[in-house]
Amino acid sequence: MHNAMWSAVAGSVFQMRRLDVIANNLANVNTTGFRGDRIMFDSYLAQIDDERFASNRKNVGNISDYMYTATNFQQGELHQTNNPLDVALATEGYFVVQTDKGTMYTRAGNFQFDLEGQLMTGNGFPVQGEGGAIQVRDGLPFEIDEQGSVYQEGEEVGRLQVVQIQNPETMEKVGGKMFKATRATRIAASDDHRVVQGALEGSNVNIVREMGQMVTAGRAFESYQQIISMMDNVNQQANNRLWQVS
Amino acid sequence: MMRALWTASTGMGAQQLKIDVISNNLANVNTIGFKRSRADFQDLLYQTMRAPGTPNATGQPSPGGIQLGLGVRTSQIQAIFQAGDLQQTQNELDVAIEGDGFFQVQLPNGELAYTRAGNFRRNADGAIVTPDGYLVQPEVSIPSDATSITIGQDGTVSVIRPGQTEEEEIGTVQLARFTNPSGLRSMGRNLLYPTSSSGDATLGTAGDEGFGTLAQGFIEMSNVNLVEEMVNMIVGQRAYEISSKVITTADAMLQAAGAVAR
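As the structure is a prediction and not an experimental result, all values here were calculated from the model.

### Quick look at the overall build of chain B
For chain B, the count of helices and strands is two helices and 20 strands. On C-alpha atoms alone, chain B measures out to a radius of gyration of 27 Å, which is more than a quarter above the 18 Å that the 2.2 N^0.38 rule sets for 262 residues. Principal axes of the C-alpha set define a box for chain B whose edges measure 100 × 35 × 35 Å. By residue count, 39% of the 262 residues in chain B fall in the buried class. Partitioning the contacts of chain B with sequence separation of at least 6, the portion at a separation of at least 24 is 63%.

Next comes the structure, spelled out in structure tokens:
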């Protein structure tokens, strides 16, 4: 009986977390280069069963230990903006950004210039080129080719550094559309990527899927609440009976 | 659960701001020299409830952690300095800049501001001013008896006086340029102020390296693209709606949870 109760509680907690993740995905449906998340539940119930059959019952641990989030690294759609400072990657790969907390990786190419003509991200961190930051000559028009080379008046002034990350799922999200590499992340220089100037990559959140997930989460949560109510009822009746018998 | 409520509310706030920016762009679709803006968003911080690799209850390292995002925020509202279309007006004091650069304007308090709107007039003293009466710098005074005014591609202003056949040069309209024009602060009336992020103005002659040339008898229209703004408006409105649905769902869940305790 208590198992049923706790299963329903675990289910409720999971559905709540699921809605948290969906809310964040949907809030970022217009965020350039955003990557959506999903949350998964790792057979918590099965483990409770195993432990019941094994005679030594032990603490089944925190419900959160059986959940994990994973980022969807599918590409978002590219859309044209015609702003020369907007850059998108039409292939796999990441731009490299130098922040005060170390090197970060991003797909968001809404860049700008600082006072000295250095290329910066939308949130003000220098974008890395091959061999340091990218510096353009004051105010002159520039073009970026498919390899990421930046030209002014036909002369190459820098080249955007693009890296390939073989296991992106090991990266940590830090906000600001940036990812941070962990020890397990394998980063390689990219030789096969395509940079598009004048376009941005949208968020990869699929609204229809998220809405479906949201409705499911809401309904599942309500069902779990009904199970909890029901178990509560059963408990109460059992108590009453016991009282009458004694 | 409460987290989802707050996350969704950041989503609604961001989309509302997007619509605010779009409505200002649309309101200025016929404003001379207007530059459209764009709201850029970024994801907020992530709450790491468990880092990837942390051992789980059975002692195995977990395949992934739990990172819960807390919503969205606006990173900046960026002005896009794409050139607008040029429209012919035949008016001799309408000047458009073809390429980079801004006209320099002196405000009544002596400060300098910058503009792309070249729909100039003459004031009582014959000086070239903006429609608000602010002096274009460096000051150019047109003699009252001038019969025709010519503004060259390089900004030289020449006039022909009665009885003369040759043009007389009376001054030059200079242009200013900024390393990061997106850093300029809009102050209404088509005027922009330099900030620490735009840098100081570099003055120069039209047609010099990096500066555009002047076109007399033309004005630069707003660079707002109606179709693009309408599409963006739909996108923003729908995204707003969807975040509000998240709040409805979270509310229904809270209600169900509340109904358990009698």
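### Some details on the overall build of chain A
Helix and strand content of chain A: three helices and 19 strands. A total of 246 residues make up chain A; the buried ones form 38% of that total. The long-range share in chain A, meaning contacts at least 24 apart out of those at least 6 apart in sequence, stands at 65%.

### A word on the domain arrangement of chain B
All names here are of chain B. Splitting chain B by domain gives domain 1 (2-42 + 72-81 + 224-260) and domain 2 (86-220). Facing the eight residues of domain 1 at the interface are eleven residues of domain 2. Of the residues belonging to the side of domain 1 that touches domain 2, the class tally is four nonpolar, three polar and one charged.

### Some thoughts on the environment of T81(A)
All names here are of chain A. Structurally, T81 can be placed in the loop between β3 (78-80) and β4 (87-89). The exposure class assigned to T81 is partly exposed, which follows from the 19 C-beta atoms found within 10 Å. Once the C-alpha coordinates of T81 and V208 are considered, the two residues, 127 residues apart in sequence, prove to be 25 Å apart. Each residue touching T81, except ones within four places of it in the same chain, is listed here: D86, G198, A199 and L200.

### As for the interface of chain A and chain B
Listed per partner, the contact involves 53 residues of chain A and 59 residues of chain B. Looking at the side of chain A that touches chain B, its residues break down into 23 nonpolar, 21 polar and nine charged.

### Focus: unusual backbone geometry
Note that the residue after Q137(B), namely P138(B), is joined by a cis bond; omega there is -10 degrees. For P138(B), the location among the structural elements is in the loop between β11 (135-137) and β12 (148-151). Even without a glycine there, the phi angle at E153(A) is positive, about 50 degrees. Inspection of the secondary structure assignment puts E153(A) in the loop between β12 (149-152) and β13 (155-159). For E153(A), a count of 11 C-beta atoms within 10 Å puts it in the exposed group. Here K177(A), not a glycine, exhibits a phi torsion of approximately 60 degrees, which is positive.

### Comments concerning the sheet that holds strand β14 (residues 168-172) of chain B
All names here are of chain B. Read from one edge to the other, the open sheet built from three strands follows the order β12-β13-β14, with strand pairing classed as antiparallel. The sheet is open, and its two edges are formed by β12 and β14, each paired on a single side. Each neighbouring strand pair of the sheet contributes to a mean axis angle of 25 degrees, computed without reference to strand direction. With four bridges joining them, strand β13 (residues 156-160) and β14 adopt antiparallel strand pairing. By the bridge assignment, V159 is partnered in β14 with E168.

### Focus: the domain arrangement of chain A
Residues and elements named next belong to chain A. Assigned domains within chain A: domain 1 (2-73 + 205-245) and domain 2 (78-201). Listed as interface residues are seven residues of domain 1 and, on the opposing side, ten residues of domain 2. Looking at the side of domain 1 that touches domain 2 residue by residue, the classes come out as three nonpolar, four polar and no charged.

### Quick word on the nonpolar core
Counting residues in each nonpolar core, the largest one holds 39 residues, and the members touching the most others are L19(A), I22(A), A23(A), L26(A), A8(B) and V246(B). Elements with a contribution of two residues or more to this core: α1 (2-27), β2 (67-71) and α3 (207-245) of chain A together with α1 (2-27), β1 (37-43), β3 (66-69) and α2 (226-260) of chain B. The residues contacting L26(A), other than those within four sequence positions of it, are V205(A), E210(A), G11(B), I242(B), S243(B) and V246(B). Counting residues in each nonpolar core, the second largest holds 29 residues, with I97(B), F102(B), V157(B) and A206(B) among its members.

### Remarks on the sheet that holds strand β11 (residues 143-144) of chain A
Residue and element names in this part refer to chain A. The antiparallel open sheet is built from three strands, whose spatial order is β11-β12-β13. Unpaired on one side and paired on the other, β11 and β13 mark the two borders of the sheet. Pairing of β11 with β12 involves two bridges; the strand directions are antiparallel. Bridge pairing links E143 to Y151 in β12.

Definitions and limits used
Residues numbered from 1 in each chain as written. Chains lettered and ligands numbered in written order. Predicted model: local features only at pLDDT ≥ 70, side-chain atom pairs only at ≥ 80, totals over all residues. Helix = DSSP H or I, 4+ residues; strand = E, 2+ residues; numbered from the N terminus. Rg over C-alpha atoms; globule rule 2.2 N^0.38 Å. Buried ≥ 20, exposed ≤ 12 C-beta atoms within 10 Å, placed from the backbone. Contact = placed C-beta atoms within 7 Å. Domains from an automatic or database assignment. Nonpolar A, V, L, I, M, F, W, Y, C, P; charged D, E, K, R; others polar. Pairing = 2+ DSSP bridges. Axes fitted to C-alpha atoms, helices over the stretch in contact; angles between N-to-C directions. Core = buried A, V, L, I, M, F, W, Y, C linked by C-beta atoms within 7 Å.

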